[in-house]
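Remarks on the overall topology
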Amino acid sequence: GDSVTQMEGPVTLSEEAFLTINCTYTATGYPSLFWYVQYPGEGLQLLLKATKADDKGSNKGFEATYRKETTSFHLEKGSVQVSDSAVYFCALEDSNYQLIWGAGTKLIIKP
Amino acid sequence: ETGVTQSPTHLIKTRGQQVTLRCSSQSGHNTVSWYQQALGQGPQFIFQYYREEENGRGNFPPRFSGLQFPNYSSELNVNALELDDSALYLCASGRAHMNTEAFFGQGTRLTVV
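Residues numbered from 1 in each chain as written. Chains lettered and ligands numbered in written order. Predicted model: local features only at pLDDT ≥ 70, side-chain atom pairs only at ≥ 80, totals over all residues. Heavy atoms only, no water.

1. So, the nonpolar core
With 26 residues, the main nonpolar core has Trp35, Leu47, Leu48, Phe73, Leu75 and Tyr88 of chain A as its most contacted residues. Listed by contribution, the elements that provide at least two residues to this core are strand S2 (11-14), strand S3 (19-21), strand S4 (23-26), strand S5 (32-38), strand S6 (44-50), strand S8 (62-65), strand S10 (86-93) and strand S12 (105-110) of chain A. Among the nonpolar cores identified, the runner-up in size contains 19 residues, and Val32, Phe64, Tyr89 and Val112 of chain B belong to it. (Core = buried A, V, L, I, M, F, W, Y, C linked by side-chain atoms within 4.5 Å. Buried < 20%, exposed > 50% of the residue type's maximum accessible area, 1.4 Å probe, protein only. Helix = DSSP H or I, 4+ residues; strand = E, 2+ residues; numbered from the N terminus.)

Right, dumping it as structure tokens:
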């Protein structure tokens, strides 16, 4: 079945560092891909999405490109802030419109 | 603020008991999905409701059941609770066939002792 694999955390960076969180997927067809963020004590929020190959999703300085050839959707940000500390989830939408999730990557940004 | 509210926020139950969790959907949304998120894991899809009927189910036993009401609010019921049912339960509301627009509540933390 469809699955999502993302890099294990925690990922610890200093403020203003460059961020990459890797995400790869296995799916039949060409699913839509998402990054969700879960801040401490809050629910999941959609961060960005891409619906077809080569699409780039972006929001709040984060971006991710749908790479069909490598089945990847890596999350990047050029300069992270302490407020970016959260858990980040990569997900895909399967053929039944259900979300399949990765295990999450905890990001810790130190001042 | 997503407009999706869940209650209660925390709950402690004893093994074998039954529990009901509630979710109020965002205005204009007609589907509701429930997810179980174990500590340190990603959410696992339990089921989705659309027009008050179950519209897809994940790999969960029948003791997990749900209801959707005409005002699009929803309940998740779990019977015969087991210790492994301890998790964060998330509700997400959206529009039919557009889970891309789903908005999540803050979740209910269930602890089974």
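2. Things to note about the environment of Glu76 of chain A
All names here are of chain A. Take Glu76: it is sitting in strand S9 (residues 75-77). Remark: the alpha-carbon pair of Glu76 and Gly61, spanning 15 residues in sequence, is separated by 8.5 Å. Every residue in contact with Glu76, bar those within four places of it in the chain, is listed here: Phe18, Leu19, Thr20, Gly61, Phe62 and Glu63. (Contact = heavy atoms within 4.5 Å.)

3. Quick notes on the state of the cysteines
Under the criterion given, the structure shown has two disulfides over all chains. A sulfur-sulfur separation of 1.9 Å characterises the disulfide bridge that pairs Cys23 of chain A with Cys90 of chain A. In this structure, the disulfide formed by Cys23 of chain A and Cys90 of chain A twists by about -70° around the S-S bond and is classed as left-handed. Within this pair, whereas Cys23 of chain A is found in strand S4, its partner Cys90 of chain A is found in strand S10, the two being separated by 67 residues in sequence. Classification of Cys23 of chain A as buried rests on a relative accessible area of 1%. Note that Cys23 of chain B is cross-linked by a disulfide to Cys91 of chain B, the S-S spacing being 1.7 Å. Across the disulfide from Cys23 of chain B to Cys91 of chain B, rotation about the S-S bond amounts to roughly -50°, and the bridge is consequently left-handed. Placement of Cys23 of chain B in strand S3 (residues 19-24) and of Cys91 of chain B in strand S9 (residues 87-95) is noted, with a sequence separation of 68 residues between them. Both residues of the pair, Cys23 of chain B and Cys91 of chain B, belong to the buried class. (Disulfide = S-S within 2.5 Å.)

4. Things to note about unusual backbone geometry
Keep in mind that most residues, glycine aside, have a negative phi and that most peptide bonds are trans. Of the consecutive residues Gly9 of chain A and Pro10 of chain A, the connecting peptide bond is found in the cis state with omega at 0°. In this fold, Pro10 of chain A is placed in the loop between strand S1 (3-6) and S2. Pro8 of chain B follows Ser7 of chain B through a cis peptide bond whose omega is -10°. When you line up the elements, Pro8 of chain B lands in the loop between strand S1 (5-7) and strand S2 (10-13). The phi dihedral of Arg51 of chain B is positive, around 50°, even though this residue is not glycine. Tracing the sequence through the fold places Arg51 of chain B in the loop between strand S5 (44-50) and strand S6 (53-57).

5. Quick look at the sheet that holds S9 of chain A
Residues and elements named next belong to chain A. Taken in spatial order, the four strands of this open sheet run S3-S9-S8-S7, and their pairing is antiparallel. The open sheet has two edge strands, S3 and strand S7 (56-59), and neither has a second partner. The average angle at which neighbouring strand axes cross in this sheet is 20°, direction not considered. Pairing between S8 and S9: three bridges, direction antiparallel. Bridged to Phe62 within S9 is Lys77. (Pairing = 2+ DSSP bridges. Axes fitted to C-alpha atoms, helices over the stretch in contact; angles between N-to-C directions.)

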